[in-house]
Amino acid sequence: MPYLELENVSFGYGPASNRYEVLKDASLSVEENEFVAIIGFSGSGKSTLISLLAGLERPDAGSVRMAARPIKAPGPDKGIMFQNYSLLPWLTVQGNIELAVKQVFPDMPRGERRRYCQHYIDLVSLTGSDWKLPGELSGGMRQRLSLARTLAMKPEVLLLDEPLSALDALTRSVLQDEIIRIWEEDRRTVVMITNDVDEAVIMADRIVPLTPGPAASFGKEFAVSLPRPRDRATLNFNEDYKHLRNEVTKYLIQVNSESKELSPVADLPLPDLQPITPGPRVAIA
Ligand SMILES: Nc1ncnc2c1ncn2[C@@H]1O[C@H](COP(=O)(O)OP(=O)(O)OP(=O)(O)O)[C@@H](O)[C@H]1O
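Residues numbered from 1 in each chain as written. Predicted model: local features only at pLDDT ≥ 70, side-chain atom pairs only at ≥ 80, totals over all residues.

In the annotation of an unreviewed UniProt entry, the entry for the protein reads Bicarbonate transport ATP-binding protein CmpD, and the organism field reads Botrimarina mediterranea.

Structural data, given as structure tokens:
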């Protein structure tokens, strides 16, 4: 039985008279402990999808379920990591994690809570930066802190909305490996949004493209059967990896050009202007 499910989901923003339909009839099933990468173009509705899975938004039609129950509200069982970190700037690394842990495990004794938080600080290699404020951290360190905080809440499901998009290529690949290592140690169901085909192929069990909006839905899926652990240095010479990467890229290019052909040329109302005709010359003294 699927663990996370979207069934014929439609969702739009704005009033009925001027509705922008983001998702239309979108269906997706994610198995327990599966790592699914959703890949799509900018503005296609990826963050909206995460908001629906997190219970921050409710669908206009269709249903969103977790363990066969409708998702109605956000909760500690669903850990979200947004692209903009959403850290509290006045709390230290330790403080940011501790606050989240206190909310989920209010009865955990103080000493144990300290050790528990330290474990997650170490896990994301922030050891020694415990007392720094977010403003004193680099972008990559903030991403790590945001990840540690999400993981420390022990959510059943991890919803990662372009978690590494703000990073340079080198830091990005280090964090990709860290997320995979943590996921392999402590398996959770993961839905990760990305716009990077390589990232999706290296990290996921399955890649599900979101078709370009408006009225986006899920396109052809790609299973990633490359054995784990996946070593990026050797993958570059792996024919299956290269083939899959090309197939996903080709498919994305194809759906993008199809959507452009299908989108009607807007019938723009033109202003009702009269051309100015030159009048008699007037001499100004
Ligand atoms: N709160 C909102 N109110 C109105 N329109 C919105 C709102 N949030 C998003 N949209 C619109 O819905 C569409 C999908 O937005 P969404 O952020 O889900 O896309 P995305 O694929 O995550 O984009 P990106 O990759 O650029 O982050 C966009 O056209 C966006 O302008």
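Back to the text.
All right, on to the environment of Leu 4 then. Inspection of the secondary structure puts Leu 4 in strand β1 (residues 4-13). C-beta crowding within 10 Å serves as the criterion here: with 24 such atoms nearby, Leu 4 is assigned to the buried category. Sequence spacing of Leu 4 and Leu 88 is 84 residues, and the spatial spacing of their C-alpha atoms is 30 Å. (Helix = DSSP H or I, 4+ residues; strand = E, 2+ residues; numbered from the N terminus. Buried ≥ 20, exposed ≤ 12 C-beta atoms within 10 Å, placed from the backbone.)

Taken together, four strands build an open sheet; the order of strands is β2-β1-β4-β5 and the sheet is antiparallel. Of all strands in the sheet, those with a lone pairing partner are β2 (20-30) and β5 (69-70), marking the two edges. For β1 and strand β4 (residues 61-66), the ladder comprises five bridges, and the chain directions are antiparallel. From the neighbouring strand, Ser 10 faces β4, where its bridge partner is Ala 61. On top of the sheet, helix α1 (residues 46-54) reaches β1, β2 and β4; it is set at about 120 degrees to β1, its chief contact. (Pairing = 2+ DSSP bridges. Contact = placed C-beta atoms within 7 Å. Axes fitted to C-alpha atoms, helices over the stretch in contact; angles between N-to-C directions.)

Here Ile 180 shows up in helix α5 (residues 169-185). Put simply, Ile 180 and Ser 129 are 51 residues apart on the chain and 23 Å apart in space, counted from C-alpha to C-alpha.

This part covers the sheet that holds strand β8 (residues 189-194). A sheet is described by the order of its strands in space; here six strands give the open sequence β6-β7-β8-β3-β9-β10, paired in mixed fashion. Edge positions in the sheet fall to β6 (78-81) and β10 (222-223), since each has one partner strand and no second. Pairing of β6 with strand β7 (residues 157-161), which is carried by four bridges, proceeds in the parallel orientation. When the sheet's bridge partners are listed, Met 81 is paired in β7 with Leu 160. Sheet strands in contact with α1 are β3 (35-40), β6, β7, β8 and β9 (206-210), and its direction is about 155 degrees off that of β7.

This brings us to the pairing of β9. Of all five residues that make up β9, four are buried, and the element is covered over most of its length. Pairing between β3 and β9: five bridges, direction parallel. Looking at the pairing, Val 36 lines up with Arg 206 of β9.

Going from Arg 228 to Pro 229, the amide bond is cis rather than trans, its omega being -5 degrees. Mapped onto the elements, Pro 229 comes out in the loop between β10 and α7 (232-235). In this model, Ala 68 sits at a positive phi of 70 degrees, which is unusual for a non-glycine residue. Along the chain, the position of Ala 68 falls in the loop between β4 and β5. Its 9 C-beta neighbours within 10 Å are what place Ala 68 among the exposed residues. Located in the positive-phi region is Ser 125, a residue other than glycine, with phi close to 60 degrees. Within the secondary structure layout, Ser 125 lies in the loop between α3 (110-123) and α4 (139-152).

Let us now look at the site of the ligand. Taken together, the neighbourhood of the ligand is formed by 13 residues, with Tyr 13, Ser 42, Lys 46, Ser 47 and Thr 48 sitting nearest. Only β2 and α1 provide two or more residues apiece to the shell around the ligand. Broken down by element, the shell around the ligand gets its largest block of residues, three residues, from α1. Within the shell around the ligand, the residues separate by chemical class into three nonpolar, nine polar and one charged. (Near = placed C-beta within 6 Å. Nonpolar A, V, L, I, M, F, W, Y, C, P; charged D, E, K, R; others polar.)

Let's shift gears to the packing of α4 against α5. Where α4 contacts α5, the axes come no closer than 11 Å and their chain directions differ by 15 degrees. Compared by their axis directions, α4 and α5 come out roughly parallel. As α4 packs across α5, the resulting crossing turns out to be right-handed. The residues of α5 that touch α4, namely those facing Gly 140, Gln 143, Arg 144, Leu 147 and Leu 151, are Thr 171, Leu 175, Ile 179 and Ile 182. Along the lines of polarity and charge, the residues of the contact of α4 with α5 split into five nonpolar, three polar and one charged. (Parallel < 35°, antiparallel > 145°, perpendicular 65-115°, else oblique. Left-handed = near helix turned anticlockwise from the far one by under 90°.)

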